[in-house]
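Listed here are the chains, written in short residue letters.
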Amino acid sequence: MQQIKDSVFSVGANDAKRRLFDELIPLPDGTTYNSYLVKGSEKTVLLDAVDSSMQDVLLNNLDELKIKKIDYVVAHHAEQDHSGTIPAVLDKYPEAKVICSDKCKLMLMDLLNIPEDKFIVVKDREKMSLGNKTLEFIYTPWVHWPETVVTYLHDDRILFSCDFFGSHLAKEDLFFDDAEKIREAAKRYYAEIMMPFRTIIKANIETLAKYQIEIIAPSHGPIHTKPESIINLYKEWASDEVKNLAIIAYVSMHGSTKGMADYLEEALAKRGVAVRKYNLTGTDIGQIAVDLVDAATIMIGTPTVLAGIHPTAAHAVYLVNALRPKTRFVSIFGSFGWGARIVETVSSMIPGLKAEVIPPVIAKGLPKEKDFEALEEMAATIAEKHKGLK
Ligand code: FEO
């Protein structure tokens, strides 16, 4: 528990040991489920709850603050890491009503069986008085579900942004202020959670520009006391600009594809292209997602397995496509023994990428001289394309 401002408290939970989110996303730095309590002169409101695994932490924090009555629980977002404990809060504070968007109400009824009469649906920009403090609810769809809302506390100029501007970074002190560490964790979070929605993120940032914000209090990770820093980073990440960076993501069974990946790395580097090379076996897929925020090119390398691509490569290609990065160029390379549909398989899996496909290079067995010449040409083409980047 931590005081954020006069009558504003952090009452959420730190889950530093958690290592996987949604059974999918690696959490090298754990996470927090931030929940905030605002005590107005007439009404008390809880903004978001916590993951149900941390229910006791939230309820104990409320006891510690001697909270006898909660009037409203604001559910910015229906995902259970923030809503999971709402039923327990409603049990403990039976007068409380859940404030949320129309879509969020339906989701919470489905996900948590919260009865319909417990809800107050608010409209976009609707205000609510707590006595001496005023909340304003702002619809910010698709950061990262369709129902999401953020709350602006007028008097203290705090934006409670839920997942928006968050990071999976478990620090006991929410005022943790290592700017570089926060940037790194926030970029990873953006890459894994927000990147597919970058167009609407830009619109949401414009909406928020009308508000004077002194503090951004997200529902994961540290609070931002210099809001312009994280907002500017989001603008950069969500922009259409890409960097002179190529990702080589490959898997290799007997060394042929690895040899091609190594060759490409050198051929690109000598032409001035920055390269990040990942052997997909054992790679934290979150690292690749982070590079996809900026990279102009992604190159997929895979051997042939049962006429298709290696399942480890398929997993990566599926996620790359789902994340819809702004990557401009894609290339495919790999090897086969007696028959392969590598190019057809990868091409069919990336409809979400609006990227130009560079002619692929597929070697029969070990790459030979003609394959290396083709890789040289591939590297030259990519380097040339990167020179024209704007
Ligand atoms: Fe942190 Fe989308 O929940």
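As the structure is a prediction and not an experimental result, all values here were calculated from the model.

Q: Sorry if this is basic, but what is going on with the side chain of His168 here?
A: With respect to the secondary-structure elements, His168 resides in the loop between strand S15 (158-162) and helix H5 (179-194). A distance of 2.6 Å separates a polar atom in the side chain of His168 from a polar atom in the side chain of Thr31. What His168 contacts, discounting residues up to four positions off in sequence, is Phe21, Leu27, Asp29, Gly30, Thr31, Ala185, Tyr189 and His220.

Q: Looking at this model, I keep getting lost on the sheet that holds strand S7 (residues 36-39). Mind explaining?
A: One open sheet accounts for 7 strands, arranged S1-S2-S7-S8-S9-S10-S11; its pairing is mixed. In the strand order of this sheet, the two ends are held by strand S1 (2-5) and strand S11 (119-121), each with one partner. Adjacent strand axes in the sheet meet at a mean angle of 25°, parallel and antiparallel pairs treated alike. Across 3 bridges, the pairing between strand S2 (residues 8-10) and S7 is antiparallel. Along S7, the bridge assignment pairs Ser10 with Tyr36. Sheet contacts for helix H4 (residues 102-112): strand S10 (97-100) and S11; angle to S11, the most-contacted strand, approximately 155°.

Q: Would you mind showing me how to read the environment of Ile193 here?
A: As for its placement among the helices and strands, Ile193 is situated in helix H5. Taking C-alpha positions, Ile193 is 8.2 Å from Leu323, a pair spaced 130 residues apart along the chain.

Q: Looking at this model, I keep getting lost on the packing of aromatic side chains. Mind explaining?
A: Within a pair of aromatic rings, the relevant descriptors are the distance that separates the centres and the angle that separates the planes. All told, the structure shown has 10 aromatic pairs when counted by the stated rule. Where Tyr190 meets Tyr234, the ring centres are 5.3 Å apart and the plane angle is 80°; that geometry is what we call edge-to-face. Of this pair, Tyr190 sits in helix H5 while Tyr234 sits in helix H7 (residues 227-238); the two residues are 44 residues apart in sequence, bridging distant segments of the chain. The class for Tyr190 is buried, based on a relative accessible area of 0%. Pairwise contacts between aromatic rings join Phe164, Phe165, Tyr190, Tyr234 and Trp237 into one cluster.

Q: I tried to follow the pattern of salt bridges on my own but got confused; where do I start?
A: Opposite charge on two side chains makes pairing possible when the charged atoms of those side chains draw close. Counted by the stated rule, this structure contains 26 salt bridges. Of the charged contacts, one joins Arg125 and Asp124 as a salt bridge, the two residues approaching to 3.3 Å between their closest N and O atoms. By relative accessible area, which is 35% here, Arg125 ends up partly exposed. Through salt bridges with shared partners, one network takes in Lys258, Asp262, Glu265 and Lys277.

Q: Please clarify how the state of the cysteines should be interpreted in this entry.
A: Each disulfide is one covalent bond, formed between the sulfur atoms of two cysteines. Scanning all chains against the criterion turns up 0 disulfides. Free of any disulfide, Cys162 has its nearest neighbouring cysteine sulfur in Cys104, separated by 9.0 Å. Residue Cys162 is classed as buried on the basis of its relative accessible area, which comes to 3%.

Q: Hey, could you run me through the side chain of Asp15 in this one?
A: Along the chain, Asp15 falls in strand S3 (residues 13-15). Of the buried charged residues, Asp15 lacks a salt bridge, with Arg18 as the closest side chain of opposite charge at 4.5 Å. The contact partners of Asp15, leaving out residues within four places of it in the chain, are Gly30, Thr31, Thr32, Tyr33, Ser53, Met54 and Ala170.

Q: How do you make sense of the nonpolar core when you look at a structure like this?
A: The tendency in soluble globular proteins is for nonpolar side chains to be buried as a group. With 56 residues, the main nonpolar core has Phe165, Tyr190, Ile201 and Tyr234 as its most contacted residues. Each residue touching Tyr190, except ones within four places of it in the same chain, is listed here: Met195, Arg198, Ile201, Tyr234, Trp237, Ala238 and Val293. If you look at the next biggest cluster of nonpolar residues, it comprises 31 residues, including Leu37, Leu59, Val89 and Phe119.

Q: Would you mind going over the environment of Gln287 with me for this structure?
A: Position of Gln287 among the secondary structure elements: in helix H9 (residues 285-292). Gln287 sits 191 residues away from Ala96 along the chain, and the two C-alpha atoms are 42 Å apart.

Q: Got a minute to help me understand the domain arrangement of the protein in this structure?
A: As a measure of interface size, the accessible area lost when the parts come together is often cited. One can read the domain layout of the protein as domain 1 (2-238) and domain 2 (246-383). Computed from C-alpha atoms alone, the centre-to-centre distance between domain 1 and domain 2 is 38 Å. On the side of domain 2, 15 residues touch domain 1, which itself brings 14 residues to the contact. One can count 2 salt bridges joining domain 1 with domain 2. For Asp294, the salt bridge is made with Lys187, and the minimal N-O distance between the two is 2.5 Å. Applying the counting rule to domain 1 against domain 2 returns 4 residue pairs in polar contact (both at pLDDT 80 or more). Only H5 and H7 provide two or more residues apiece to the side of domain 1 that touches domain 2. For the side of domain 1 that touches domain 2, the leading source of residues is H5, giving 5 residues. Among the residues making up the side of domain 1 that touches domain 2, the classes are represented as 9 nonpolar, no polar and 5 charged.

Q: Is there a simple way to think about the packing of H5 against H7 in this case?
A: For any two helices packed against each other, the geometry is given by the interaxial angle and the distance between the axes. Remark: H5 packs on H7, axes separated minimally by 11 Å, with the N-to-C direction vectors making an angle of 45°. Between H5 and H7, the angle is such that the two are oblique. In this structure, H5 crosses over H7, and the sense of that crossing is right-handed. Of the residues in H7, those in contact with Arg183, Ala186, Lys187, Tyr190 and Met194 of H5 are Ile230, Leu233, Tyr234, Trp237 and Ala238.

Q: Any chance you could explain the packing of H9 against helix H10 (residues 311-323) here in plain terms?
A: Relative orientation of the contacting elements H9 and H10 amounts to 40°, with a least axis distance of 11 Å. Judged by the angle between their axes, H9 and H10 are oblique. Judged by the sense of rotation from one axis to the other, the crossing of H9 with H10 is right-handed. Residues Ile285, Ala289 and Leu292 of H9 form the contact with H10, whose participating residues are Ala316, Leu319, Val320 and Leu323. Of the residues contributing to the contact of H9 with H10, the split by class is 7 nonpolar, no polar and no charged.

What counts, and where the lines are drawn
- Residues numbered from 1 in each chain as written.
- Predicted model: local features only at pLDDT ≥ 70, side-chain atom pairs only at ≥ 80, totals over all residues.
- Heavy atoms only, no water.
- Helix = DSSP H or I, 4+ residues; strand = E, 2+ residues; numbered from the N terminus.
- Polar contact = N/O pair within 3.5 Å; in protein donor to acceptor, adjacent residues only side chain to side chain.
- Contact = heavy atoms within 4.5 Å.
- Pairing = 2+ DSSP bridges.
- Axes fitted to C-alpha atoms, helices over the stretch in contact; angles between N-to-C directions.
- Phe/Tyr/Trp six-rings, centres within 6.5 Å; stacked < 30°, edge-to-face > 60°.
- Buried < 20%, exposed > 50% of the residue type's maximum accessible area, 1.4 Å probe, protein only.
- Salt bridge = Lys/Arg side-chain N within 4 Å of Asp/Glu carboxyl O.
- Disulfide = S-S within 2.5 Å.
- Lys, Arg positive; Asp, Glu negative; His and termini not counted.
- Core = buried A, V, L, I, M, F, W, Y, C linked by side-chain atoms within 4.5 Å.
- Domains from an automatic or database assignment.
- Nonpolar A, V, L, I, M, F, W, Y, C, P; charged D, E, K, R; others polar.
- Parallel < 35°, antiparallel > 145°, perpendicular 65-115°, else oblique.
- Left-handed = near helix turned anticlockwise from the far one by under 90°.

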